[in-house]
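Architecture and fold: a report
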Amino acid sequence: MNVIKRVFDYKGAPLLTAVFVALFIAEGRRALRKRKQLRSERVIVNSIVAIPSFSLLRFVFLPIMVKLAMKNQQLRWGLNYRYDAPPFIKAAVAFLIMDYTNYLWHILNHKIPFLWRFHLVHHSDRDLDVTTAFRFHFGELIGSVFYRGAFVFLSGATPINVLVYEILFEGATQFHHSNRKLPFKLEKGLNKIIVTPRMHGIHHSQVRNETDSNYSVIFSFWDRLHSTARLNVAQDTIVIGVPTYQNAEELTPGFLLKLPFTKIRQWNDEGSTLDIPKTNTDKNVLHK
Ligand SMILES: [Zn+2]
């Protein structure tokens, strides 16, 4: 499909690579949270986990989404084909629908035990940085094809809308997972509209009620709208990861790829490494 080559391969992929390199360098210079692991080891583990998911994304997921959008152009069936408005308004409507439904999908990944098996691979990362943005089990992507495909169809997104959203989605995912300490005022301003590293860091906490918050992907207002936003946790009190998956030697790429098909350990944050006092006194708190 030429449109995937034209938009994703020739424009999106180089742009996303540049974003990755910039964030990787930036977080190496000024870290937001202290690292537990070597960056070199993290790059290796998270890249290996990403190989099957990246291949699926490019050669299965994107072609299916674009095909659905093309079919919709013939049938003129989705929402955007049912009213008159300039293309940029329709693109905005499609983006908002795709981003909102991805927020809901993220909640389902946490609440439905079968989906959590796959999403756990992402959360089991003991540090959070731009490489965590690649650490997704390929099964999670397969599961999302049906769900996300349905909303591409219902929204009436065009093939270009789908591809541009996907590029923004990947770029936003890299940004909010990154470990770059941004100037506080800048981040506070950005966070009014988009998900930022401090906000998403709270979602990766080992404390259950902190993880059960901040599900948004690009726009942060979905969490505010549904009262799932949690911004009053200081970054230096957060312990990243899942309490029952903390053994660094165990978390190899092979273990992670097999993890969804094994017996899943229950989340248990009692007696874990959560002995850091929660003072919330530093000025990293986005909102009291
Ligand atoms: Zn999550």
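As the structure is a computational prediction, the values presented were derived from the model and not from experiment. (Residues numbered from 1 in each chain as written. Predicted model: local features only at pLDDT ≥ 70, side-chain atom pairs only at ≥ 80, totals over all residues. Heavy atoms only, no water.)

**Description of a nonpolar patch on the surface**
Taken together, the side chains of Ile-44, Ile-48 and Ile-51 present a nonpolar region at the surface, about 280 Å² in accessible area. The topology assignment puts Ile-44 in helix 2 (residues 39–75). The exposure class assigned to Ile-44 is exposed, which follows from its relative accessible area of 52%. (Patch = residues over 30% accessible without salt bridge, like charges linked within 9 Å, V, L, I, M, F, W, Y side chains within 5 Å. Areas by Shrake-Rupley, 256 points an atom, 1.4 Å probe, with all protein chains shown as cover. Salt bridge = Lys/Arg side-chain N within 4 Å of Asp/Glu carboxyl O. Helix = DSSP H or I, 4+ residues; strand = E, 2+ residues; numbered from the N terminus. Buried < 20%, exposed > 50% of the residue type's maximum accessible area, 1.4 Å probe, protein only.)

**Re the confidence of the model for the protein chain**
Mean pLDDT for the protein chain: 92, with 94% of residues reaching 70 or above. Mean pLDDT values for the elements of the protein chain range from 92 in helix 9 (residues 208–211) up to 97 in helix 6 (residues 159–177). Across residues 273–281, confidence stays below pLDDT 50; counting only partners more than four residues off in sequence or on other chains, it has 20 contacts. (pLDDT = per-residue confidence, 0-100. Contact = heavy atoms within 4.5 Å.)

**Comments concerning the coordination of the zinc ion**
Within the protein, His-106 (NE2), His-110 (NE2), His-119 (NE2), His-123 (NE2) and His-203 (NE2) serve as the donor atoms for the zinc ion, at 2.2 Å. In primary-sequence terms, the residues that donate to the zinc ion follow H-x3-H-x8-H-x3-H-x79-H. Of this pair, His-119 sits in helix 4 (residues 113–123) while His-203 sits in helix 8 (residues 197–203), and the two are 84 residues apart along the sequence. A single burial state applies to His-119 and to His-203, both of which are buried. (Donors = N, O, S within 2.8 Å, 3.2 Å for Na, K, Ca; no water.)

**Description of the nonpolar core**
Nonpolar side chains in soluble globular proteins tend to end up buried together. Residues Ile-4, Phe-8, Phe-61, Met-98 and Leu-163 are the most contacted members of the largest nonpolar core, which totals 27 residues. Contributions of two or more residues to this core are made by helix 1 (2–29), helix 2, helix 3 (87–111), helix 5 (138–155) and helix 6. Tallying contributions element by element places helix 2 first for this core, with seven residues. Apart from residues lying up to four places away in sequence, Phe-61 is in contact with Leu-56, Leu-141, Ser-144, Val-145, Arg-148 and Glu-166. Core analysis: the next-biggest nonpolar cluster, separate from the first, contains 12 residues, Val-45, Val-242, Leu-256 and Leu-259 among them. (Core = buried A, V, L, I, M, F, W, Y, C linked by side-chain atoms within 4.5 Å.)

**Describing unusual backbone geometry**
Of note, the phi angle at Arg-76 is positive, near 50 degrees, even though the residue is not glycine. Take Arg-76: it is sitting in the loop between helix 2 and helix 3. Although it is not a glycine, Ser-227 adopts a positive phi angle of roughly 55 degrees. Structurally, the position occupied by Ser-227 is in the loop between helix 10 (221–225) and helix 11 (253–258).

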